[in-house]
Amino acid sequence: KEGKFPKFVQRIAQITFSAEQARRRGQEVLYVTERCVFRLGEQGLTLTEVAPGIDIERDILQRLPFTPAIQGPGEMDKAIFRPAAMGLRERMLDIHIEDRLSYDAPTDTVYMNYAGMRVRSEADVKTIIDAVDRLLGPLGKRVHSVVNYERFSCDDDAFEAYMDAVKYVEKTYYLSVKRYTSGAFLRHKLGAGFAKRDIVSEVLETAAPGTPGKRIDARETGYTLPEFLAHAIALESEAADRYLELADMMEAHRNDEVSSLFRDMVRFSLMHRDEIMERVGAIVLPKLRSWEFRWRTPPEVGGEEAFDYLLEPFNALQYGRGNEVRGMEYYRSVADEATDPEVKRLAEEFANEEAEHVAAIDRWLERTPGPSSTS
């Protein structure tokens, strides 16, 4: 029997997810319903799987307000529709910890990719310890370590056991360790847990190429031209993503004036990114992993203070100005320490452009009423 309310509609009351932003970030997005699965692609949704017994034309296409692309489609796992337990714990990627650990002999470094992993229980913690022991125990020596904690989570019931496991691994196997996550809350939670156990507690250190466990610093290594351009493009892209996220949130809460302002900032960031990309030409840019960037968070991505749906235009502009100032200071620091003449020239040029952005926002602030006073 068909449900009363369609899942796919032309208009919605509130935006909680931006497909456009997800596409730009290269995120894999699936839309799973009881009768089919769609994957987000460059041109929209692609039908990739259908439930057993479903007629694609009658049960799916005729009930959509748009025409999706069709790839395959394959059949959804029959176990989803059976009453018996599916054994999801055994199926989930986050339990296959061996796939997340790798040892690089030339640099004497173990890479632990915990991105998106969820630790639910002390049994999961034991699974991690056993896998690390199997990999590092036979080496008979200590190693450097790089740990990616992006989107990592650990249930409260398992957190203390996980912290104890981290201490065991660090004391048993590490020469040095570098941990990364862009999540402020997770960074605080892990840092507090590490500090209690006398573990190296700083999270988000980034390692210099070839020297695992050491922070990347332009003053120590200098940027190559391709590396600098890759950083500059990432800086503007991440700024655009953050502004778009804020714009969508403000729109969802009917704060249209500030939403429009943030969308203007999205356009400015993308325009600057595109200008930098035009300069790349035939230069081959490195594909940097998240922890290989020379920053903890991109300079033009501010903190969480803008995630307040009651934000007023004046405060939003101040937030944007702070981002532009950090971008300007970043480029100036690169120019000051550059050993490559072209990197120095471009960094100075980009710093001047950011200074122009700051001046433009200052003029905008002069025309904008100050925030409302509250008693």
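Here, the structure is the one placed above.
Quick caveat: nothing in here was measured; it's all calculated off a predicted structure.

(A) Representation of the pairing of strand β3 (residues 44-50) within the structure. Of all seven residues that make up β3, six are buried, and the element is covered over most of its length. Pairing between strand β2 (residues 36-41) and β3: six bridges, direction antiparallel. Its bridge partner lying in β3, G41 is registered against G44. Where β2 folds back onto β3 in an antiparallel hairpin, the turn is made up of two residues.

(B) How the structure looks around the sheet that holds β3. Judged by pairing direction, the sheet is mixed, and its four strands sit side by side in the order β1-β2-β3-β4 without closing on themselves. Single-partner strands in this sheet number two, and they are β1 (30-32) and β4 (69-75). Looking at each pair of strands side by side, their axes are set apart by 25° on average, direction ignored. In terms of strand pairing, β1 meets β2 through three bridges, oriented antiparallel. Bridge pairing in β2 places V32 opposite V37.

(C) Geometry of empty space enclosed by the protein. Scanning all chains against the criterion turns up two cavities of 30 Å³ or more. Approximately 120 Å³ is the volume attributed to the largest cavity. For the largest cavity, the lining is made up of 13 residues, of which Y114, Y162, V166, V169 and Y174 are closest to its centre. If you list the elements that add at least two residues to the lining of the largest cavity, you get α4 (122-136), α5 (156-173) and β10 (174-180). Ranked by the residues each element gives to the lining of the largest cavity, the list is headed by α5, at four residues. For the lining of the largest cavity, the class distribution of residues is 12 nonpolar, no polar and one charged.

(D) Layout of the pairing of strand β8 (residues 143-148). The element β8 is largely enclosed, with a buried count of five among its six residues. In terms of strand pairing, strand β6 (residues 109-113) meets β8 through five bridges, oriented parallel. Each residue of the ladder has a partner; that of T109, found in β8, is H144. Pairing of β8 with β10, which is carried by six bridges, proceeds in the parallel orientation. Bridge pairing in β10 links V143 to Y174.

(E) Highlighting the environment of T181. On the secondary structure map, T181 appears in the loop between β10 and α6 (184-196). Residue classification places T181 among the buried residues on the basis of a relative accessible area of 1%. Through-space distance from the C-alpha of T181 to that of N148 is 6.5 Å; in sequence the pair is 33 residues apart.

(F) Geometry of the environment of V29. Within the fold, V29 resides in the loop between α1 (19-25) and β1. A relative accessible area of 11% places V29 in the buried class. Each C-alpha atom of the pair V29 and A19 lies 8.3 Å from the other, and the pair is 10 residues apart in sequence. The residues contacting V29, other than those within four sequence positions of it, are F17, A22, F38, R39 and L40.

Definitions and cut-offs
Residues numbered from 1 in each chain as written. Predicted model: local features only at pLDDT ≥ 70, side-chain atom pairs only at ≥ 80, totals over all residues. Heavy atoms only, no water. Buried < 20%, exposed > 50% of the residue type's maximum accessible area, 1.4 Å probe, protein only. Helix = DSSP H or I, 4+ residues; strand = E, 2+ residues; numbered from the N terminus. Pairing = 2+ DSSP bridges. Axes fitted to C-alpha atoms, helices over the stretch in contact; angles between N-to-C directions. 1 Å grid on protein atoms, 1.4 Å probe; cavity = no way out; pocket = protein on both sides within 12 Å on 5 of 7 lines; lining within 4 Å. Points joined across faces, edges and corners; volume = space filled by probe spheres on them. Nonpolar A, V, L, I, M, F, W, Y, C, P; charged D, E, K, R; others polar. Contact = heavy atoms within 4.5 Å.

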